[in-house]
Amino acid sequence: TVSYLRKNWGESANYFEQALKTSKSKNAKVLYAVGLAYKYKGLKDIDISIAHLEKATSLDAKNTDIILALGDAYLVKDQGNASRAIKQYNNALKVN
């Protein structure tokens, strides 16, 4: 969406939530986009981001963009403890 390109993460998240309803949360790319929007919104929404990114990886376990985004979200969530993030980064390396 235009709001995503303009980095208006709150508005983007709202539009992507509508797309999630349409796709019935079964489209990994939509879940990935929603997860990114919530990640960029900030720490208060990081749990929502992680939930969408985890679901996206369950639907598309070989998509390194999704895996890396999940690692980044874990890094934000687990400030000071990078073990979950490192696990995802290693998973991305295994795909390639």
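Look up: the structure comes first, before these words.
The following paragraphs examine the structure supplied in this document. Treat the numbers as computed from the prediction; the structure is a model and nothing was measured.

Here the focus is helix α5 (residues 64-77). Its 14 residues place the ends of α5 20 Å apart at the C-alpha level, agreeing with the 20 Å of an ideal helix rising 1.5 Å per residue. Among the residues making up α5, those that are buried are Thr-64, Ile-66, Ile-67, Ala-69, Leu-70, Gly-71, Ala-73 and Tyr-74. Of the surrounding secondary structure, the elements contacted by the buried residues of α5 are α3 (28-41), α4 (46-59) and α6 (83-95). At the N-terminal end of α5, a side-chain oxygen is found 3.0 Å from the backbone nitrogen of Asp-65, two or three residues along, and the residue is Asn-63.

Another point: α6. Compared with an ideal rise of 1.5 Å per residue, which puts 13 residues at 18 Å, α6 spans 19 Å between its outermost C-alpha atoms and is within 8% of the ideal. Taken as a whole, α6 has its buried residues at Ala-85, Gln-88 and Ala-92. Along the long axis of α6, the arc covered by the buried residues comes to 65°, so they all point the same way. Turned more than 90 degrees away from the buried face of α6, the exposed residues are Lys-87, Leu-93 and Lys-94.

Let us look at the packing of α5 against α6. Packed helix pairs are characterised by how far apart their axes lie and by the angle those axes make with each other. The interhelical angle for the contact between α5 and α6, taken along N-to-C directions, is 170°, at an axis separation of 7 Å. One way to sum up the angle between α5 and α6 is to call them roughly antiparallel. For the pair α5 and α6, the contacting residues are Thr-64, Ile-67, Leu-68, Leu-70, Gly-71, Asp-72, Tyr-74, Leu-75 and Lys-77 in the first and Arg-84, Ala-85, Gln-88, Tyr-89, Asn-91, Ala-92 and Val-95 in the second. Residue composition of the contact of α5 with α6, by class: nine nonpolar, four polar and three charged.

This part is about the pattern of salt bridges. A pair can form between side chains of opposite charge whenever their charged atoms are brought close. Inspection of every chain in the model, using the stated rule, returns five salt bridges. Across the pair Lys-39 and Asp-72 runs a salt bridge, and its minimum N-O distance is 3.7 Å. Remark: Asp-72 occurs in helix α5 and Lys-39 occurs in helix α3; sequence separation between them is 33 residues. Under the relative-accessibility criterion, Lys-39 is labelled buried at 12%. As a salt-bridge pair, Asp-45 and Lys-41 come within 3.3 Å of each other at their nearest N and O atoms.

Rules used throughout
- Residues numbered from 1 in each chain as written.
- Predicted model: local features only at pLDDT ≥ 70, side-chain atom pairs only at ≥ 80, totals over all residues.
- Heavy atoms only, no water.
- Helix = DSSP H or I, 4+ residues; strand = E, 2+ residues; numbered from the N terminus.
- Expected span 1.5 Å × (residues − 1).
- Buried < 20%, exposed > 50% of the residue type's maximum accessible area, 1.4 Å probe, protein only.
- Contact = heavy atoms within 4.5 Å.
- Polar contact = N/O pair within 3.5 Å; in protein donor to acceptor, adjacent residues only side chain to side chain.
- Arc of directions from axis to C-beta.
- Axes fitted to C-alpha atoms, helices over the stretch in contact; angles between N-to-C directions.
- Parallel < 35°, antiparallel > 145°, perpendicular 65-115°, else oblique.
- Nonpolar A, V, L, I, M, F, W, Y, C, P; charged D, E, K, R; others polar.
- Salt bridge = Lys/Arg side-chain N within 4 Å of Asp/Glu carboxyl O.

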